[in-house]
Amino acid sequence: MTNIGVFDSGLGGLTVLKELSKKHKANYFYLGDNKNVPYGDKSSGEIIDLSKNIVKFLLKKDIDFFVVACNTISVVAIDELKKTFDKKFISITDEAVKEILNRKGDAFVMATKATCLKHGYKEKIQRFSDKKVYEKACPSLVSFIENGEICGKDLENDLKKYLDLANERKIENIILGCTHYPIIEKEIKKNLTYAANIIDPAKVLTRDIVFDEDENLNIEIYMTDVNEISQNMTNIIMGREIKIKKVSN
Ligand code: DGL
């Protein structure tokens, strides 16, 4: 039995869980801290403390290794998590960086404020290449998605604004640098005026991850706030009904 802990600030990491569980059988334990979402607007100290609480909860499930299915946590807190807990943590951002290095052209990274402020993507990509990396904080998107607003005029207006530079310069690669964004990938594409190569880090991670797989698939989803919207969104993202269990973190 391989027990994998997958976590995020909220619903976003379910896009990673969905991809992983489609291709790899294991015992997955997911925790979304949607009571405290968005992490992207918080200080590094707050993000580190909240992430440690998530890991402490998941450790009760006898976890073999963790998938940090949150770009913000991967960029801001993963080093602290590795120092504090004697476990393997796979970072979603490292997977996307590996992929972009194999692609032609520059990168436009859509991400949270905290991820952009730390230049999580930019520094890693430019350490190994001379690509130009444009970072765009998209602060309203996570709240739209957590509230179940995955289309509509307000979302579209903000997307147009966020994608302005990409459209203007026709930047070849767009990294969905927040796990919430694949949920609105269709809307993102709709608001691009050229054919960009869109990179979803969850797909890269799923393609490249190697571990001892089980014969059966088992998924448990925990969240710190359970309500009609979080349950509906979970069912939509996972493509089937999975009852969320409530945890007080
Ligand atoms: N989904 C998270 C990420 O990948 C962060 C969203 C948030 O809490 O701001 O960065």
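The structure we're discussing is the one just above.
Position numbers for residues count from 1 along each chain, tracking the sequence in the order it is written. Totals for whole chains, interfaces and linings use all residues, but because this is a predicted model, local features are given only for residues with pLDDT of at least 70 and pairs of side-chain atoms are given and counted only at 80 or more. In computing side-chain properties, one takes all heavy atoms of the structure into account and sets aside hydrogens as well as water.

Caption draft 1: Examining the pattern of salt bridges more closely. A pairing counts as a salt bridge when a side-chain nitrogen of Lys or Arg comes within 4 Å of a carboxyl oxygen of Asp or Glu. The tally for this structure, following the rule as stated, stands at 15 salt bridges. Of the charged contacts in the structure, one is a salt bridge between Lys-161 and Asp-158, with a shortest N-O distance of 3.4 Å. You can see Lys-161 and its partner Asp-158 sitting in helix H9 (residues 153-162), 3 residues apart, about one turn around the helix. Linking Glu-187 and Lys-190 is a salt bridge whose minimum nitrogen-to-oxygen distance equals 3.3 Å. Of the two residues, Glu-187 and Lys-190 are both situated in helix H11 (residues 185-190); the distance of 3 residues between them amounts to about one turn of the helix. Linked through salt bridges whose partners overlap, the residues forming this network are Lys-153, Glu-156, Lys-160, Glu-187 and Lys-190. The numbering of helices and of strands both runs from the N terminus, where a helix is a DSSP run of H or I of at least 4 residues and a strand a run of E of at least 2.

Caption draft 2: Layout of the layout of surface pockets. The distinction between a cavity and a pocket rests on a 1 Å grid over the protein atoms alone: a 1.4 Å probe fits inside a cavity but cannot get out, while a pocket stays open yet meets protein on both sides within 12 Å along at least five of seven lines, and a residue with an atom within 4 Å of a point counts as lining. Grid points are joined across faces, edges and corners, and a volume is the space filled by probe spheres set on the points. When its volume is computed, the largest pocket comes out at roughly 250 Å³. The wall of the largest pocket is formed by 14 residues, among which Ser-74, Val-75, Asp-79, Gly-120 and Lys-124 lie closest to the centre. Where the lining of the largest pocket is concerned, the elements lending two or more residues are helix H3 (71-76), helix H4 (78-84) and helix H7 (120-128). At 4 residues, H7 tops the list of elements feeding residues into the lining of the largest pocket. Each residue gets one label: Ala, Val, Leu, Ile, Met, Phe, Trp, Tyr, Cys and Pro are nonpolar, Asp, Glu, Lys and Arg are charged, and the others, such as Gly, are polar. The class makeup of the residues in the lining of the largest pocket is 3 nonpolar, 4 polar and 7 charged.

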